[in-house]
Amino acid sequence: EGGHVMYMPTPQDVVDRMLELAEVSKEDLVYDLGCGDGRVLVTAASTYGCRCRGYDIDPVRVRESLENARQHDVDQLVEVEQKDIFTLDLRDADVIFLYLLPKLNIRLIPQFEQLKPGTRIVSHLFDMQGVQPDTVLRIDSAEDGFEHEIYLWTTPLKFADEE
């Protein structure tokens, strides 16, 4: 596997809850950073009819995501590119999904600080150290039998009080 990114798909029932928590609507532009097989993008596009952009460093995942979008007939709504997420301009995003290791989430903070107010950031399993989430949901997945944590932040980010 390419370097620091381990790939594990998010169970579908967790994906559904993440989209609900983010209150995704048709008008939203949804980003998925580290999009894996594209299931978040495909679910968002097919459920809500919104436009989605996914990025993954692994070309195999990019191909899988595009194929997944085609199979679900949402390829006109879903763009996926192989890119380094730390170089992206995220300012037109309404909702951003993350399933990255905590140290990578922290590296994205400078990009998140440029987002327009009211942008929702949702992370599966991992928090963003030093940043106060609005909501932390724990849900039991019927699919894998495990408890999953989902974090929601809304911009502007609220930093934990500097002691």
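This text gives an overview of the structure that appears in the document.

Rules used throughout
- Starting afresh in each chain, residues are numbered from 1 along the sequence in its written order.
- Where local features are concerned, this predicted model is filtered to residues with pLDDT of at least 70; where side-chain atom pairs are given and counted, the filter is 80 or more; whole-chain, interface and lining totals use all residues.
- Where side-chain values are given, they derive from all heavy atoms of the structure, hydrogens and water being excluded.
- The helix and strand labels rest on DSSP assignments: H or I over at least four residues marks a helix, E over at least two residues marks a strand, and numbering proceeds from the N terminus.
- What the globule rule says is 2.2 Å times the number of residues to the power 0.38, and the radius of gyration is computed from C-alpha atoms.
- To sort residues, take the accessible area from a 1.4 Å probe on protein chains only and compare it with the maximum for the residue type: under 20% means buried, over 50% means exposed, and anything in between is partly exposed.
- What makes two residues a contact is simply this: any of their non-hydrogen atoms within 4.5 Å.
- Residue-level accessible areas treat just the shown protein chains as cover; the underlying method is Shrake-Rupley with a 1.4 Å probe.
- The definition of a nonpolar core used throughout is a set of buried Ala, Val, Leu, Ile, Met, Phe, Trp, Tyr and Cys residues joined through side-chain atoms within 4.5 Å.
- For this analysis, a salt bridge means a side-chain nitrogen from Lys or Arg found within 4 Å of a carboxyl oxygen belonging to Asp or Glu.
- Strand pairing is assigned whenever DSSP identifies at least 2 bridges connecting the two strands.
- Working convention: axes come from line fits to C-alpha atoms, limited for helices to the stretch in contact. Angles between N-to-C directions cover 0 to 180 degrees.

A tally of helices and strands in the protein yields five helices and seven strands. Reading the secondary structure of the protein in the N-to-C direction produces α-β-α-β-α-β-β-α-α-β-β-β. In summary, the protein has a C-alpha radius of gyration of 15 Å against a globular reference of 15 Å for 163 residues, a match within 12%. Among the 163 residues that make up the protein, the fraction classed as buried is 48%. Across the protein, contacts joining residues at least 24 apart in sequence account for 68% of those joining residues at least 6 apart. In the structure as shown, the protein presents an accessible area of about 8300 Å², 50% of it carried by carbon and sulfur atoms.

A separate point is the nonpolar core. Grouped together as the largest cluster of nonpolar side chains are 27 residues, with contacts concentrated most on Val24, Cys52, Val78 and Phe97. Mapped by element, the contributors of at least two residues to this core are helix H1 (12–21), helix H2 (39–48), helix H3 (59–71), strand S3 (78–82), strand S4 (95–98) and strand S7 (147–154). Setting aside its immediate chain neighbours within four residues, valine 78 contacts Leu41, Ala45, Cys52 and Ala69. Core analysis: the next-biggest nonpolar cluster, separate from the first, contains 23 residues, Ala93, Leu98, Ile109 and Trp153 among them.

It is worth spelling out the pattern of salt bridges at this point. Where side chains of opposite charge bring their charged atoms close, a pairing between them can arise. For the coordinates displayed, the defined rule picks out twelve salt bridges. The partner of arginine 53 in a salt bridge is glutamate 79, and the shortest N-O contact between them spans 3.8 Å. In this pair, arginine 53 sits in strand S2 (residues 51–56) while glutamate 79 sits in strand S3, placing the two residues 26 residues apart along the sequence. On the accessibility criterion, arginine 53 (16% relative accessible area) is buried. In this structure glutamate 79 comes out as partly exposed when scored by relative accessible area, which is 42%. One salt-bridge network, held together by shared partners, links Arg53, Glu79 and Asp92.

Here the focus is the sheet that holds S2. The sheet built from seven strands is open, its strands ordered S3-S2-S1-S4-S5-S7-S6 with mixed pairing. Of all strands in the sheet, those with a lone pairing partner are S3 and strand S6 (135–140), marking the two edges. Direction aside, the axes of adjacent strands within the sheet are offset by 20 degrees on average. Inspection of the sheet shows strand S1 (residues 29–33) paired to S4 by four bridges, in the parallel sense. Residue pairing across strands places tyrosine 31 opposite isoleucine 96, the latter belonging to S4. Packing against the sheet, H1 makes contact with S4, strand S5 (120–124), S6 and S7, and its axis sits at approximately 155 degrees to S6.

Next up on the list: the environment of alanine 69. Residue position: alanine 69 is located in helix H3. Since its relative accessible area comes to 0%, alanine 69 is described here as buried. Sequence spacing of alanine 69 and leucine 41 is 28 residues, and the spatial spacing of their C-alpha atoms is 7.9 Å. In this structure alanine 69 touches Val42, Val74, Asp75 and Val78, once residues within four positions along its chain are discounted.

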